[in-house]
Amino acid sequence: MTQNSLKRMFFKRRQVLRGVTGLSAALLASRLAGCATTTDSDATPAAGGETASSSEPIKLGLIAAITGPSAVSGESITRGLTIALEKINASGGVMGGRPLELVIRDDESTPAKGVAAARELIEQEKVALVFGGLDSPVSLAMLPVFHELEVPYMGVWAAATGITRNEFDPNFAFRVSANDNIVDSYLMRYAKQELGATKVGLVLINNPWGESNQAGFEEWAPKYDLDIVGIEKFNDGDTDISPQLGRLQEGGAEVLLMVANAAPSAVAMKSLLRLDWDVPVVSHWGPTGGRFPELAGEEAAARVVFMQTYSFFDAKGERSEALMSKLQEKYDVKGPEDVIAPVGTANAYDAMNLVALAIDTAESLDGPTLRDSFYDLPTYEGLIKTYEQSFSPDNHDALNEDDYILVQWKDNKLVPFQG
């Protein structure tokens, strides 16, 4: 860690966005070695941006699951970032006319690959910031790299509490997404107040994301007067977890709280059907980032209620309509029911716009200076919400419990839960 991280710059708060016009830049796209990338080998921004050409692209990285069982999440994030980026570039870019460029790497949901990609993007591609993907274990593993190299990280899906509430000082990790600790309170409150439960069972993936949620559920259970009758864990690759579920049934669980991504969640639901146990299942959002209905079957998928940060159903306003129009035009999306992994697209869209505001606020690509600028962003009328003082030194999560909603699969469409 360099002493540069201890320096602080003071920024004048901007009440309105600067009007910039005249430059339009298209997103460059290629697929190299299994990784979706946009690169320009002849354009590498100078460190800090002070000596770079006024038209030289500013590179931003994305590390996400582009292939594998969670590839739907990577595609949805890419769509949200791309549409926002193209809009920003068409409006004049940032820092007085510089276009943004997205450089994408596939982590394959593997922490080691994420770590290697983070270092490569920062040290070789010279990205100013890295967006993260679905998998919390990957994001947690990458944190030391971002803090060693002093480059901001912006999470748009991974929800592990420790991503933003970490022990690094200064903290370079920000997020426009859910936070497990807040989600755990939200899900337990629903189980207690809406389902009338007094006893719940936890069904958790056996990795750091599962551990993050176990800590949150255990913290919130006494506050909602809920008894956790059992904590059952399972692994990616398990084909049947009937024994674990059977123990929760014997323990008297009235609601199951599930935390896992699409493939293992599908295994859990198939096992539940084998037990013929008609118990409500309330889930974190992991299954919505993959092929859950296909893997679990329509009947099993429809039994689960999920939390989300956004739904394109009932979405109103000029920004929502504009984004839907772009999704239809660019990705042949027919309507809200055709938007894959909606939170990935929505979170990423707002995150890209906030990052652009941070770059304009900092007027520099220096990592510590850019980091500090997130505390001084102007108000942004976003897709999910109006962001006022989006981040503070004590809070690096832009979204909170008031921004969460419940959804369910119905006729293989992810729709708002009607209760």
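Residues numbered from 1 in each chain as written. Predicted model: local features only at pLDDT ≥ 70, side-chain atom pairs only at ≥ 80, totals over all residues. Heavy atoms only, no water.

The name an unreviewed UniProt entry gives the protein is Ethanolamine utilization protein EutN, with Adonisia turfae CCMR0082 as the organism. In its Sequence similarities (unreviewed entry) section, the UniProt record describing the protein reads: "Belongs to the leucine-binding protein family." (UniProt positions renumbered as here; feature names shortened; annotations may be inferred.)

**Details of the overall build of the protein**
Of regular secondary structure, the protein possesses 13 helices and 16 strands. Counting all 419 residues of the protein, 59% fall into the buried class. In the protein, the proportion of contacts linking residues at least 24 apart, taken out of those at least 6 apart, comes to 72%. Carbon and sulfur atoms make up 47% of the accessible area of the protein, which totals about 16,800 Å². (Helix = DSSP H or I, 4+ residues; strand = E, 2+ residues; numbered from the N terminus. Buried < 20%, exposed > 50% of the residue type's maximum accessible area, 1.4 Å probe, protein only. Contact = heavy atoms within 4.5 Å. Areas by Shrake-Rupley, 256 points an atom, 1.4 Å probe, with all protein chains shown as cover.)

**Points about unusual backbone geometry**
The omega angle of the peptide bond from Asp169 to Pro170 is 5°, so this bond is cis rather than trans. Assignment of secondary structure puts Pro170 in the loop between helix 4 (161-164) and strand 7 (173-175). One non-glycine residue, Asp332, lies in the positive phi region at around 60°. Here Asp332 lies in the loop between helix 11 (318-331) and helix 12 (342-362).

**So, the nonpolar core**
One recurring pattern in soluble globular proteins is that nonpolar side chains are buried together. Counting 132 residues, the largest nonpolar core has Phe131 and Met154 as the members making the most contacts within it. Among the elements that make up this core, the one with the highest residue count is helix 12 (13 residues). Each of domain 1 (58-178 + 313-400) and domain 2 (181-308) accounts for three or more of the residues forming this core. Beyond its immediate chain neighbours, meaning those up to four positions away, Phe131 contacts Leu60, Gly61, Leu62, Ile63, Leu81, Leu102, Met154, Val156, Ala351, Met352 and Val355. (Core = buried A, V, L, I, M, F, W, Y, C linked by side-chain atoms within 4.5 Å. Domains from an automatic or database assignment.)

**A closer look at the packing of aromatic side chains**
This model, assessed by the stated rule, comprises 12 aromatic pairs. Arranged with centres 5.4 Å apart and planes meeting at 90°, the rings of Tyr186 and Tyr404 form a pair that is edge-to-face. One end of the pair, Tyr186, is in helix 5 (residues 180-193); the other, Tyr404, is in the loop between strand 14 (386-387) and strand 15 (405-410), and 218 residues separate them in sequence. Here Tyr186 and Tyr404 have matching classes, each one buried. (Phe/Tyr/Trp six-rings, centres within 6.5 Å; stacked < 30°, edge-to-face > 60°.)

**Remarks on the packing of helix 7 (residues 242-250) against helix 8 (residues 262-275)**
Contact geometry for helix 7 and helix 8: axes closest at 9 Å, N-to-C directions at 60°. Relative to helix 8, the element helix 7 is oriented oblique. For the pair helix 7 and helix 8, the sense of crossing is right-handed. Between helix 7 and helix 8, the residues in contact are Ser242, Leu245, Gly246 and Gln249 and Ala268, Ser271, Leu272, Arg274 and Leu275, respectively. Broken down by class, the residue content of the contact of helix 7 with helix 8 amounts to four nonpolar, four polar and one charged. (Axes fitted to C-alpha atoms, helices over the stretch in contact; angles between N-to-C directions. Parallel < 35°, antiparallel > 145°, perpendicular 65-115°, else oblique. Left-handed = near helix turned anticlockwise from the far one by under 90°. Nonpolar A, V, L, I, M, F, W, Y, C, P; charged D, E, K, R; others polar.)

**Let's talk about the sheet that holds strand 16 (residues 413-416)**
Across a sheet, paired strands are connected by hydrogen bonds in the backbone, their directions being either parallel or antiparallel. Spatially, 9-8-10-11-12-15-16 is the arrangement adopted by the seven strands of the open sheet, whose pairing is mixed. Either end of the sheet is taken by a strand with one partner, and the two such strands are strand 9 (227-234) and strand 16. The mean angle between the axes of side-by-side strands here comes to 30°, regardless of whether they run parallel or antiparallel. Where strand 11 (residues 281-283) and strand 12 (residues 304-308) come together, three bridges link them in parallel fashion. Bridge pairing in strand 12 links Ser283 to Phe306. This element, helix 7, spans strand 8 (199-205), strand 9 and strand 10 (255-259) of the sheet and lies at about 175° to strand 9. Seen against the sheet, helix 8 touches strand 8, strand 9, strand 10, strand 11 and strand 12 and runs at an angle of roughly 155° to strand 10. (Pairing = 2+ DSSP bridges.)

**What about the environment of Pro342?**
Within the secondary structure, Pro342 sits in helix 12. Along the chain, Pro342 and Ser73 lie 269 residues apart, while their C-alpha atoms are 8.9 Å from each other.

**Some points on the confidence of the model for the protein**
Mean pLDDT over the protein works out to 88, with 87% of the residues at or above the 70 mark. Low pLDDT, under 50, characterises residues 1-51; the predicted model gives this stretch 110 contacts beyond four residues in sequence or across chains. (pLDDT = per-residue confidence, 0-100.)

**Quick look at the sheet that holds strand 7**
Read across the sheet, five strands follow the order 4-3-5-6-7 without closing on themselves; strand pairing throughout is parallel. Edge positions in the sheet fall to strand 4 (100-106) and strand 7, since each has one partner strand and no second. Between one strand and the next, the sheet's axes are offset by a mean angle of 25°, whatever the strand orientation. By the bridge criterion, three bridges tie strand 5 (residues 130-132) to strand 6 (residues 153-155) in an arrangement that is parallel. Bridging from a neighbouring strand, Gly132 pairs with Gly155 of strand 6.

**Focus: the pairing of strand 16**
Both strand 15 and strand 16 contribute to a ladder of four bridges, which runs antiparallel. Each bridged residue has a counterpart across the sheet, and for Trp409 the counterpart in strand 16 is Leu414. As consecutive antiparallel partners, strand 15 and strand 16 are separated by two residues, and within that stretch Asp411 has a phi angle of approximately 55°, a positive value.

**Here we look at helix 3 (residues 136-149)**
For helix 3, which comprises 14 residues, the first-to-last C-alpha distance of 20 Å matches the rise-based estimate of 20 Å (1.5 Å per residue) to within 8%. Of all the bends in helix 3, the largest measures some 35° and sits at Met142, one to four residues before the proline Pro144. By the burial criterion, the buried members of helix 3 are Ser136, Pro137, Val138, Ser139, Met142, Leu143, Val145, Phe146 and His147. Downstream of helix 3 by a residue or two, Glu150 has a phi angle that is positive, lying close to 55°. (Expected span 1.5 Å × (residues − 1). Bend = angle between axes of the 7 residues up to and from the residue.)

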